[in-house]
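One letter stands for each residue in the lines below.
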Amino acid sequence: MTGPQVAVGQAAVDQLLEVLDLEQTGDMTFRGMSPPVGPQRVYGGQVAGQALVAAGRTVDPERLVHSLHGYFVRPGDPTEPIEYQVEDVRDGRSFSVRRSVALQHDKPIFFMSASFHRAEEGLDHQAPAPPDVPGPDEVPTMTDRLSRYPERLGIWAQIPRPIDVRYVGEPGWVRPGDRPANPHQRVWMRIDGKLPDDPLLHACALTYASDLTLLDSVLSVHGEVWGPGGVVGASLDHALWFHRPFRADEWFLYDCWSPSASDARGLATGRMFTVDGRQIASAVQEGLLRRVGE
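Residues numbered from 1 in each chain as written. Predicted model: local features only at pLDDT ≥ 70, side-chain atom pairs only at ≥ 80, totals over all residues. Heavy atoms only, no water.

(A) Spatial organisation of the pattern of salt bridges. Tallying each qualifying case throughout the model produces 21 salt bridges. A salt bridge links Asp216 to Arg179, with the nearest nitrogen and oxygen atoms 3.0 Å apart. You can see Asp216 sitting in helix α5 (residues 216-222) and its partner Arg179 sitting in the loop between β7 (163-167) and β8 (184-191), a full 37 residues away along the chain. Just as Asp216 is buried, Arg179 falls in that class too. A salt bridge links Asp255 to Arg271, with the shortest nitrogen-to-oxygen separation between them at 3.1 Å. One end of the pair, Asp255, is in strand β10 (residues 252-262); the other, Arg271, is in strand β11 (residues 265-274), and 16 residues separate them in sequence. An identical accessibility class is assigned to Asp255 and Arg271; each is buried. (Salt bridge = Lys/Arg side-chain N within 4 Å of Asp/Glu carboxyl O. Helix = DSSP H or I, 4+ residues; strand = E, 2+ residues; numbered from the N terminus. Buried < 20%, exposed > 50% of the residue type's maximum accessible area, 1.4 Å probe, protein only.)

(B) Structural view of the sheet that holds β10. The antiparallel open sheet is built from 12 strands, whose spatial order is β1-β2-β4-β5-β6-β3-β9-β12-β11-β10-β8-β7. The open sheet has two edge strands with one neighbour each: β1 (23-24) and β7. Summarising the sheet, β1 and strand β2 (residues 29-32) pair through two bridges and their orientation is antiparallel. Across the sheet, residue Gln24 finds its bridge partner in β2, namely Phe30. (Pairing = 2+ DSSP bridges.)

(C) Representation of unusual backbone geometry in the model. Despite not being glycine, Asp106 has its phi angle at roughly 65°, a positive value. Structurally, the position occupied by Asp106 is in the loop between β5 (95-104) and β6 (107-118).

(D) Seen up close, the layout of surface pockets. Empty space within the second largest pocket amounts to approximately 1100 Å³. Looking at the second largest pocket, it is lined by 34 residues, and the ones nearest its centre are Leu64, Phe242, His243, Arg244 and Pro245. Those elements giving two or more residues to the lining of the second largest pocket turn out to be β3 (63-72), β6, α4 (199-210) and β9 (231-242). When its residues are assigned to classes, the lining of the second largest pocket shows 15 nonpolar, seven polar and 12 charged. (1 Å grid on protein atoms, 1.4 Å probe; cavity = no way out; pocket = protein on both sides within 12 Å on 5 of 7 lines; lining within 4 Å. Points joined across faces, edges and corners; volume = space filled by probe spheres on them. Nonpolar A, V, L, I, M, F, W, Y, C, P; charged D, E, K, R; others polar.)

(E) How the structure looks around the environment of Pro150. Here Pro150 shows up in the loop between α3 (142-146) and β7. Separated by 24 residues in sequence, Pro150 and Val174 place their C-alpha atoms 9.9 Å apart.

(F) Structural context of the packing of aromatic side chains. Applying the stated criterion across every chain, the model contains five aromatic pairs. Judged by centre distance (5.0 Å) and plane angle (75°), the ring pair of Tyr43 and Tyr208 falls under edge-to-face. On the criterion of sequence distance, the pair formed by Tyr43 in the loop between β2 and α2 (44-56) and Tyr208 in helix α4 is long-range, its members being 165 residues apart. The class for Tyr43 is buried, based on a relative accessible area of 17%. When its relative accessible area of 14% is taken as the criterion, Tyr208 is described as buried. The ring centre of Phe111 lies 5.1 Å from the NZ or CZ of Arg99, which sits over that ring. (Phe/Tyr/Trp six-rings, centres within 6.5 Å; stacked < 30°, edge-to-face > 60°. Lys NZ or Arg CZ within 6 Å of the ring centre and 35° of its normal.)

The following block contains the structure:
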């Protein structure tokens, strides 16, 4: 007998769209659910993406999100609904600011400030994309990599995979000793199916993806891995800036590195580039990192 089929491709993307499609329960309140199968606590990218959905639905659609700053304050229970309360902080001539709080059992598990901006003309420059990085078709797929480490799969063998993730180097879930130290972690990503054209939805999908591998760049500096014989961790905060128009269902390179780690915390930063080298977003995150035994 075989176990239940894990949703991949468009089927997994459709499930992600359901997770991001919040129920509106009041003028400034929303309710979100978690996938039926998932980790023991709510994935950080999910609650951040849902919080952005809630905030964005209270803003003029002509104003696009350009930045968000969030804090993870309690682990979320994936078996319980998440209530989102949005505060209208300000609507100015060019910018709108919202505060979005995620609650379970009347206690905040996450809160976010997000700013939205109407399109304007102005200066335009960016740092170049990293050179000589193999393209997404030149590096192993997630299926190829997972096949080498069946004992490291855990819950990841059971949950839907709406994001096509292709590591340029070794990922953080290999066996201890199998990962050479590398100051950068570079990953190609895209939503593994077709998304509607709504820019807010693409921003929420990118927010969802941005939490997936960023903190792993702290471990990469030391050649460390997640899980037994390595490190366990949790996101503490997350910031994201959106620079240029993009589609989350097209390939982007997530170039991540860690400028500092100390006192059981690590700081990670990342840049996202399209295949043709446009920088579409930047991310910064600090996480708690603790060693565990075998």
